[in-house]
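# Examination of the molecular architecture
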Amino acid sequence: MADRVMELNQLPEGASGEIVSLNSVGSVRNRMLDLGLVPQTLVTAVHRSPLGDPVAFLVRGTVIALRAEESQQVLVKLIADEKGEANHGSNQSVDRVDGLFK
Amino acid sequence: MNIDNGKQQLILGEAAKIRQGLSGKLRDQIATTVYQEVEEITQQVVTKERPQKDWDRLFDRWVTSKLLGYPLMLALLSLVFWLTITGANYPSAWLAKMFFGFQEVLSGWFRSVGSPEWLHGFLVLGVYRSLAWVVSVMLPPMAIFFPLFTFLEDLGYLPRVAFNMDRLFKKAGAHGKQVLTMCMGFGCNAAGVIACRIIESPREKLIAILTNNFVPCNGRFPTLFAMAAVFMGALVVGYNSAMGAFLVAGIVLLGIIITLLVSWGLSKTLLKGEPSNFTLELPSYRVPKVGSLIIRSVLDRTLFVLMRAVIVAAPAGGIVWIMANIGIGDQSLLAHIAGFLDGFGRLIGLDGYILLAFLLGLPANEIVVPILIMSYLAGGSLMELDSLAALQRLLLDNGWTPLTALNMMLFSLLHFPCATTLLTIRKETKSTKWTLLAAIIPTVIAIVVCFLVATVARLWG
Amino acid sequence: MGLTNQSTGLMAFLNDLQQEAYQKAEGLVALAGNPNTGKSTLFNALTGLRQHTGNWPGKTVTLAQGIVDCQGKKLMAVDLPGTYSLLANSVDEQVARDFLYLAKPAVTIVVVDATCLERNLNLLLQILELTPRVILCLNLVDEVTKKGLQVDKAKLAELLGIPVVATIARENQGVLELKETIRQALDGKIKFNYQCKSYSPEIEEAIQQLEEILKSQLPEDLNTRWLALRLLEGEESLLTANGGRSE
């Protein structure tokens, strides 16, 4: 069963994903890291602005709006779809992998 | 504590050497480690007791919805204006009555001590009368507008506006946070220009600074409100303040459209470049504490802006009186200058006195209408101006049409920023070139738009 | 570049401030925190200074200052720009960082929104790496219950090894306790025992190497571990801003 990996801006409204990788560079990357968008973080797309972009994401208890340019650079694995139902049985809570860079 | 250059170089060299030996991205690893610790702590400290209705998301669903997001913004804007106009009417009239009543008393005193007529004219008819106008016309709307605005700000609505509008600003090559600086500009453009510091990219910051003037500041709202009343009052039978509010909201909307167009133009020409990154927090809604909100908005904003207006209005009133009473030949200096400007003024649907008022109003937009009134009054006999109806009569007597009122609104919205704002732009950009452009761009646009409107109106008859 | 301008401006500000602080006040307190945490409201409650506050991301660009009276001891309080981080991604962050690093406040109060600790702790931990003398101010605690959450204040203090004070700044609640805590910290009655996290062995080794050089070259009172990390990230302005350019 393959994980559904997509760009963060493809995440449907109401769906949640777990960050797989962060591809942005330079100051954008630093800004994203500061917001806690590190791999294995859970992100939920909460709503789209009236014109479709930017999209507001719930990350670590705060709602942050990102333009498509930024959110495209974040790859996520679908965890739960719009209805909040778990994707192929994986648990919604994210387990940390220990010793990330040992 | 001093570190000499040699030591600096040594340390930096060593640091670079060690850095090169590291595998992977250091900043990534730091962020991951810190957030790992953050998660460990929050997991032990925070417990979710019971699932709670998420009011923020519920509100946001409406406030930022495809269908309602924009209409709601427009409705709120109109509501704020309507409350301001309606609420300010009576206190304004009351203040004006009081001040102009006191003017009689003052004049009596001057006569009783046998002061020369020029001194009475300068101090009472010039300085005092313009002060009276500024306070009675500006104080009530500001005392209503600022608390309302601060309420929306403290509620957390403004970041939602930025969220809703960002797409348009991105298309214009500008930053979404420009909206926040524009909101600030509603209060005072100088404050709006300072607020542009929240935009990090220098290019987008400059765009925001150069276009901030297109949102009408509080010094211009009284002009807009008065002109809306004159315009609608002359045009529509059964005028009411709701119509005025919609007209003003329409003018503000036009200002936003011009902002977007000019931002787009700048980002395609003088300030070329890609939009920078945009991250905006949508904080929780918080019901503001009304008491402290009123105190803060009255003290920090209303009185601040009013004091500035008063400081500028007093000498300006005196100067206008002098200009109106120093004669060259058979005409006053004021009439001479106005006559000189009149041809151009009429070309763009205004007149010489209006243009002169805008020029003399450079120190602060608040005094444009008072100067205009003084100029019109200087020719005729003394008149008490205690209501908008009286103002309307005065303007109609001086050859105004609804078109004049409309163009006056447009010119007020689009023309050069006030001196304070220009000085602030100079300070923030540290560049005379950009400061000049900040004055020239709006002025050219104001002239072109007014000319077009006047021409179209003339063709229509 | 503009970086140095910024820093020299800050140095001038610090000089002015310190002179005033020494004349009038008996110590320096910094207020740091994310935007929208009620930091400015708390600042007002502490100093009684009038200053506008609002839900405006990143609004406090200028550094407001005022006097806090902590049971007779007058302290100079400085309200730092609201930032999510201290890693100098923006002018605001740089000002906040340079202030903490250069002005070395006697105590730093980190104001956090108790309803979203996870977002706010990032900045706290970054600050703790720079200066251990931190009082954590859990603001907006009234909204915690409203949101159906519970925050274990004692546990938080225990895990972090620093004092934690709960406040509702806009109701003026907890402000007195905060002042007491500041006073106790100044009187040396509080132990600050935050244990810095360690990074991967590779990074730790790099830090150690650079720290040795820094210790031999720089005055003693600097936080060399923190400086080493920043230099490894390529933040060279920190060294040059120290006065190296003040010819």
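Presented here is an overview of the structure given in this document.

Analysis parameters
Residues numbered from 1 in each chain as written. Chains lettered and ligands numbered in written order. Predicted model: local features only at pLDDT ≥ 70, side-chain atom pairs only at ≥ 80, totals over all residues. Heavy atoms only, no water. Helix = DSSP H or I, 4+ residues; strand = E, 2+ residues; numbered from the N terminus. Buried < 20%, exposed > 50% of the residue type's maximum accessible area, 1.4 Å probe, protein only. Areas by Shrake-Rupley, 256 points an atom, 1.4 Å probe, with all protein chains shown as cover. Contact = heavy atoms within 4.5 Å. Core = buried A, V, L, I, M, F, W, Y, C linked by side-chain atoms within 4.5 Å. Buried area = accessible area lost by both parts, 1.4 Å probe. Salt bridge = Lys/Arg side-chain N within 4 Å of Asp/Glu carboxyl O. Polar contact = N/O pair within 3.5 Å; in protein donor to acceptor, adjacent residues only side chain to side chain. Expected span 1.5 Å × (residues − 1). Nonpolar A, V, L, I, M, F, W, Y, C, P; charged D, E, K, R; others polar. Pairing = 2+ DSSP bridges.

### Some words on the overall build of chain A
Counting its regular elements, chain A contains 2 helices and 6 strands. Listed by position from the N terminus, the elements making up chain A come as β-β-α-β-β-β-α-β. Classification of the 102 residues of chain A by burial places 52% in the buried group. In the form shown here, chain A has an accessible surface area of approximately 4300 Å², with 49% of it arising from carbon and sulfur atoms.

### Digging into the overall build of chain C
Across its full length, chain C holds 10 helices and 7 strands. In chain C, of all internal contacts separated by at least 6 residues, the share reaching a separation of at least 24 is 67%. Surface accessibility of chain C: about 9300 Å² in total, with carbon and sulfur atoms responsible for 47%.

### Details of the nonpolar core
Core analysis: the biggest nonpolar cluster contains 134 residues, and B:Phe81, B:Phe221, B:Val248, B:Trp400 and B:Met408 have the highest contact counts within it. Top contributing element to this core by residue count: helix α5 (residues 117-155) of chain B, with 14 residues. Excluding residues within four positions of it along the chain, B:Phe81 makes contact with B:Phe145, B:Phe221, B:Phe225, B:Ala245, B:Val248, B:Ala249 and B:Val252. Of all hydrophobic cores here, the second largest spans 112 residues; its members include A:Val76, C:Val134, C:Ile162 and C:Val175.

### Some remarks on the interface of chain B and chain A
Chain B puts 37 residues into the contact, and the matching count from chain A is 33 residues. When residues of chain B are sorted by the area they lose upon contact with chain A, B:Tyr35, B:Phe163 and B:Asn277 head the list and together hold 19% of the total. Joining chain B to chain A, the criterion identifies 6 salt bridges. Measuring nitrogen to oxygen at the nearest pair gives 2.7 Å for the salt bridge that ties B:Asp166 to A:Arg67. Across the contact surface, chain B and chain A share 12 residue pairs in polar contact (both at pLDDT 80 or more). When contributions to the side of chain B that touches chain A are tallied by element, the ones reaching two or more residues are α2 (26-45), α3 (55-63), α4 (69-112), α6 (157-171) and β2 (279-281) of chain B. Sort the elements by how many residues they give to the side of chain B that touches chain A and α2(B) lands first, with 9 residues.

### Re unusual backbone geometry
All names here are of chain A. Cis geometry marks the peptide bond from Asp53 to Pro54, where omega comes out at 5 degrees. Along the polypeptide, Pro54 turns up in the loop between β3 (42-48) and β4 (55-59). Positioned with a positive phi, Arg60 is a non-glycine residue whose angle comes to about 50 degrees. Inspection of the secondary structure assignment puts Arg60 in the loop between β4 and β5 (62-66).

### Considerations on α2(B)
Relative to the 28 Å expected for 20 residues at 1.5 Å per residue, α2(B) spans 29 Å between its end C-alpha atoms, a close match to the ideal helical length. Of all 20 residues that make up α2(B), 17 are buried, and the element is covered over most of its length.

### Thoughts on the interface of chain B and chain C
At the junction of the two partners, chain B supplies 62 residues and chain C supplies 71 residues. Overall, the association of chain B and chain C removes approximately 6200 Å² of surface from exposure, summing both partners, and the carbon and sulfur fraction of that is 59%. Run the count over chain B and chain C and you get 6 salt bridges. Put simply, B:Asp56 and C:Lys147 hold a salt bridge, and the shortest N to O gap is 3.7 Å. Counting the contacts that link chain B with chain C gives 17 residue pairs in polar contact (both at pLDDT 80 or more). For the side of chain B that touches chain C, the elements supplying multiple residues, two or more each, are α1 (5-21), α2, β1 (46-48), α5, α6, α7 (178-187), β2 and α12 (290-325) of chain B. The element contributing the most residues to the side of chain B that touches chain C is α2(B), with 14 residues. Residues of the side of chain B that touches chain C, tallied by class, amount to 28 nonpolar, 14 polar and 20 charged. Bridge analysis of β1(B) against strand β6 (residues 149-151) of chain C gives 3 bridges, and the strand direction is antiparallel. What sits directly across from B:Thr47, in β6(C), is C:Gln150.

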